[in-house]
Amino acid sequence: MAIIVLPEEVIARIAAGEAVERPASAVKELIENAIDAGASSVHVESMAGGRQLIRVSDNGAGIPGLEIELAFKRHATSKLRATEDLEDLSTLGFRGEALASIAAVSQTTIITRHRDDPMGISLRLNGGQIDHQRPIGAPAGTVVAVENLFFNTPARLKFLKADRTEKRNIQAVVTRYAMAYPHIAFTLKQDQREQFRSSGRGDLADVVAGVFGHAHFKRMIAIESSSPARLARATIAVRGYASLPDLTRSDRSRIVLFVNGRAIQDNALSHAVTQAYEGMIKSGTFPFAVLLISLPTDFVDVNVHPTKAQVRFRDPSQVFSAVQRAVRQALLEADLDEDNADHWRAAGFTNETIDYRTPSPPFAGTAKEDFFHDADLGTIPEAADAPAKPRTLPILRVIGQIGAMYIVAEGPVGLYLIDQNAAHERILYEQMCEEQRAGSPLAEPVSDSQTVLLSPEHDIVLGDCAEILSELGFEIEPFGPHTYVFRALPSVIASARLADGFPGILDQLSRTDKGTEEATAAVAAAAAVKSGQILSLEEMQTLVAQLERCPSPFASPSGNTTLIRLTREQLALEFRRA
Ligand code: ADP
Ligand code: MG
């Protein structure tokens with residue numbers, strides 16, 4: 001075939017496919033236009049997942065009658081004049097493509113009246129061609145009705161998902177913009193049913209609670225931070241809400257990010273959010289977060305993706321670390337802060353007043369002797385003398401043990417199941433980290449010498465890791481071929497029997513880059529109480545009391561869940577009394 005320049009309408013349809021992939025992308029473009037037009041209220045309606053009808057009405061500035069035809073031409077925009085403007089965009093749109101693209105693949109009717117015009121205008125297009133237009137009386141603002149989307153692009157139509165999925169996508173778009181623009185009142189009606197409404201009163205908390213539901217929102221904390229940007233007199237501000245570590249999902253779909261008011265998908269940035277939870281949530285689970293990131297417009301290039309869903313940062317690492325720091329900081333403060341008490345209370349811990357500052361009753365003022373009796377505390381170190389650290393869990397009353405693996409406890413909202421191994425791993429890890437931070441003498445001589453026989457490979461790893469192990473408090477001496485004796489152990493685990501677990505530590509160290517943190521986690525894992533070990537009531541109480549004050553009590557350093565909570569409501573539901 002010879003080369004030809006494609007006719008305008010073919011070009012339009014090809015371009016349409018880029019900007020309008022699915023009904024939800026049309027909804028997104030129309031909402032962005034309404035926002036750019038300064039609307040304070042935006043109504044979205046759809047029928048049959050947007051295939052049959054999408055209608056977006058706004059009370060924004062409207063389009064002047066004389067410009068209405070132009071608005072549907074490709075590359076026709078009122079938002080951009082020259083290339084330089086791309087550097088400094090304050091509008092969501094700039095390509096002048098959306099209306100043309102949407103109209104090219106549907107039957108579109110627009111009714112609009114510019115606020116300075118006495119009369120409105122109605123224009124109908126069929127597959128991009130103007131059908132008719134006429135003056136019409138209308139309030140200031142714009143209504144765009146898109147019918148039979150993709151009617152003339154059967155291939156695209158075939159690839160649409162079930163109505164249900166498209167409805168969900170539309171809902172996600174509307175709720176996202178409602179969260180990014182709390183000052184705008186949004187409504188969403190699908191198949192004649194109202195699905196969502198925001199007040200437009202400007203309260204982000206209100207909107208987020210409306211989107212995620214109050215029960216979830218109560219388990220989210222406010223993020224509010226601004227950090228100075230390097231190399232410029234500017235700031236990167238991050239604000240919004242993020243979930244406490246006990247509220248997660250198995251996918252990233254609840255991490256909602258906006259950059260300068262633009263909903264974006266950025267894997268690296270959502271990874272930054274997830275990283276802020278490191279050590280607090282299980283790997284493969286993801287938090288809930290709504291983060292509005294603002295930075296100077298010339299720090300972001302928004303012109304990199306057809307649907308504008310991706311942006312390019314001038315200095316990505318700076319933005320990622322600002323986001324990660326903002327979330328991490330808020331999580332740590334929530335853990336330590338007394339406000340957390342309010343949070344727990346808000347989350348349903350209402351029947352008991354919890355004093356978050358005093359140690360929990362079983363140990364407060366208890367003499368060491370009273371507490372220790374004759375019980376063999378095995379590998380669980382004592383905590384009675386430890387200064388009261390801030391409480392991160394409510395007071396839990398130990399009831400017993402199941403399967404020599406899980407501790408059953410009662411708390412203010414219901415039943416708690418604690419994985420003894422994962423929990424103890426977390427406790428030891430944090431105790432060791434604390435000692436390292438405090439610079440206290442880490443090595444404690446062991447009274448009954450333990451020897452360990454190593455495989456030749458482990459023997460080599462031991463040689464490689466001698467330095468880091470001694471940093472942690474190990475003193476190990478050769479005691480024969482491939483045999484070693486422990487002279488001293490990290491004080492936190494001084495009473496542990498490590499001979500069996502030691503090769504496991506070496507395995508870990510040979511896999512990772514042998515940083516102190518990894519090494520500490522490996523030691524904690526090796527020294528922790530094992531599943532299958534029967535614990536006395538006192539041992540369990542000690543363990544639980546220590547967990548109650550771990551800064552990150554919900555997961556072990558290796559990411560295993562330490563704690564499951566069954567609320568009274570859940571129990572009632574199970575017993576069909578809800
Ligand atoms: P862009 O938003 O990139 O400019 P669009 O094709 O989405 O391109 O819109 C073309 C133009 O039509 C806009 O620049 C704007 O002037 C006008 N327009 C579109 N929708 C609206 C609306 N809801 N209210 C007011 N003006 C609008
Ligand atoms: Mg637009």
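Just above sits the structure.
My aim in this report is to walk through the structure given alongside it, one point at a time. Here the structure is a predicted model, which is why all the values come from computation and not from measurement. Starting afresh in each chain, residues are numbered from 1 along the sequence in its written order. A letter from A marks each chain and a number from 1 marks each ligand, given out in the order of writing. Confidence filtering applies because this is a predicted model: local features only for residues at pLDDT of at least 70, side-chain atom pairs given and counted only at 80 or more, and all residues used for totals across whole chains, interfaces and linings. Each side-chain value is derived from all of the structure's non-hydrogen atoms; neither hydrogens nor water enter the calculation.

A separate point is the overall build of the protein chain. What counts as a helix is a DSSP run of H or I of at least four residues, what counts as a strand is a run of E of at least two, and both are numbered from the N terminus. On a plain count of helices and strands, the protein chain comes out with 18 helices and 24 strands. It only takes one pair of heavy atoms within 4.5 Å for two residues to be counted as in contact. Partitioning the intrachain contacts of the protein chain with sequence separation of at least 6 by distance along the chain shows that 71% fall at a separation of at least 24. Carbon and sulfur atoms make up 52% of the accessible area of the protein chain, which totals about 27,800 Å². Using a 1.4 Å probe, the Shrake-Rupley method yields the accessible areas, and only the shown protein chains count as cover for residues.

A probe as big as a water molecule, rolled over the atoms, marks out the empty space that is left. Of the two site types, the cavity is a set of points on a 1 Å grid over the protein atoms alone where a 1.4 Å probe fits but cannot get out, and the pocket is an open set with protein on both sides within 12 Å along at least five of seven lines, each lined by residues with an atom within 4 Å of a point. Grid points are joined across faces, edges and corners, and a volume is the space filled by probe spheres set on the points. A complete count under the given rule lists two cavities of 30 Å³ or more for this structure. Met432, Glu435, Gln436, Leu442, Leu472, Pro490, Ser491 and Val492 together form the lining of the largest cavity. Tallying contributions element by element places helix α13 (residues 420-438) first for the lining of the largest cavity, with three residues. Each residue belonging to the lining of the largest cavity can be placed in one class, and the counts come to five nonpolar, two polar and one charged. Note that Gly is not counted as nonpolar here; it falls among the polar residues with everything else outside the nonpolar set of Ala, Val, Leu, Ile, Met, Phe, Trp, Tyr, Cys and Pro and the charged set of Asp, Glu, Lys and Arg.

Okay, the nonpolar core next. Ile31, Phe72, Val174, Tyr177, Phe186 and Val208 are the most contacted members of the largest nonpolar core, which totals 60 residues. Source of the domain bounds: an automatic or database domain assignment. When residues of this core are assigned to domains, at least three map to each of domain 1 (4-198) and domain 2 (212-333). Ignoring any residue separated from it by four or fewer positions in sequence, one finds Val174 in contact with Val27, Ile31, Val44, Phe186, Leu188 and Phe196. The definition of a nonpolar core used throughout is a set of buried Ala, Val, Leu, Ile, Met, Phe, Trp, Tyr and Cys residues joined through side-chain atoms within 4.5 Å. Each residue gets one of three labels from its accessible area relative to the maximum for its type: buried under 20%, exposed over 50%, partly exposed in between, using a 1.4 Å probe on protein chains only. Formed by 37 residues, the second largest nonpolar core is a distinct cluster that contains Val259, Leu269, Met280 and Leu291.

It is worth spelling out the sheet that holds strand β10 (residues 235-243) at this point. Here, strands pair whenever DSSP counts at least two bridges between them. Strands sit in the order β9-β10-β15-β12-β13 across an open sheet of five strands; the sheet is mixed. In this open sheet, the two edge strands, each paired with only one partner strand, are β9 (220-228) and β13 (262-264). Going from strand to strand, the sheet's axes swing by 20 degrees on average, the running direction of each strand aside. Across six bridges, β10 lies against strand β15 (residues 289-294) in antiparallel orientation. In the strand pairing of β15, Arg239 is matched with Leu292. Lines fitted to the C-alpha atoms define the axes, with helices restricted to the stretch that makes contact. Angles between their N-to-C directions range from 0 to 180 degrees. Its contacts with the sheet put helix α6 (residues 163-180) on β12 (255-259), β13 and β15, and the angle it makes with β12 is roughly 55 degrees. Against the sheet, helix α7 (residues 204-212) engages β9, β10 and β15, with an angle of about 40 degrees to β10.

Looking now at the pairing of strand β1 (residues 41-47). The sheet contact formed by β1 and strand β7 (residues 185-190) spans six bridges and is parallel. Across the sheet, Ser46 pairs through a bridge with Gln190, a residue of β7. Pairing geometry for β1 and strand β2 (residues 53-58), over six bridges, is antiparallel. Bridge assignment links Ser46 to a residue of β2, and that residue is Ile54. In textbook terms, the turn of a hairpin is the stretch between consecutive antiparallel strands, and for β1 and β2 this stretch comprises five residues, one of which, Ala48, has a positive phi near 55 degrees.

Attention now moves to unusual backbone geometry. Residues other than glycine seldom take positive phi values, yet Ala48 does so here, at roughly 55 degrees. Overall, Ala48 belongs to the buried group, its relative accessible area being 16%. Of note, His482 is a non-glycine position whose phi angle comes to about 55 degrees, a positive value. Tracing the sequence through the fold places His482 in the loop between β22 (475-480) and β23 (483-490).

This part takes up the pairing of strand β6 (residues 141-147). Most of β6 is tucked away, with five of its seven residues classed as buried. Here β2 runs beside β6; their pairing, made up of six bridges, is antiparallel. Its bridge partner being in β6, Ser57 is matched across the sheet by Val143. Here strand β3 (residues 107-113) pairs with β6 via seven bridges, running antiparallel. Directly across from Ile110, in β6, lies its bridge partner Val144.

What follows covers the pattern of salt bridges. Where charged atoms from two side chains of opposite charge come close, those side chains can pair. Salt bridges, as used here, are contacts in which a Lys or Arg side-chain nitrogen is within 4 Å of a carboxyl oxygen on Asp or Glu. For the structure on display, the rule yields 17 salt bridges. The partner of Asp163 in a salt bridge is Arg51, with the nearest N and O atoms 3.1 Å apart. With Asp163 in helix α6 and Arg51 in the loop between β1 and β2, this residue pair connects regions lying 112 residues apart in the sequence. Through salt bridges with shared partners, one network takes in Arg124, Asp131 and Glu147.

Moving on: the site of ligand 1. Whether a residue is near a molecule or strand is decided by its heavy atoms; if any one of them lies within 4 Å of it, the residue is near. In the neighbourhood of ligand 1, 19 residues make up the surrounding shell, with Asn33, Thr77, Ser78, Lys79 and Gly96 lying closest. Within the contact set of ligand 1, an oxygen atom lies 2.8 Å away from a side-chain nitrogen or oxygen of Asn33. When isolated, ligand 1 has an accessible area of 530 Å², and the protein chains bury 93% of it. When contributions to the shell around ligand 1 are tallied by element, the ones reaching two or more residues are α2 (23-36) and α4 (98-104). Its residues assigned to classes, the shell around ligand 1 comprises eight nonpolar, seven polar and four charged. As used in this structure description, the phrase polar contact means that two N or O atoms lie within 3.5 Å; if the pair is within protein, one of them must be able to donate a hydrogen and the other to accept it, and residues adjacent in sequence are counted only when both atoms belong to side chains.

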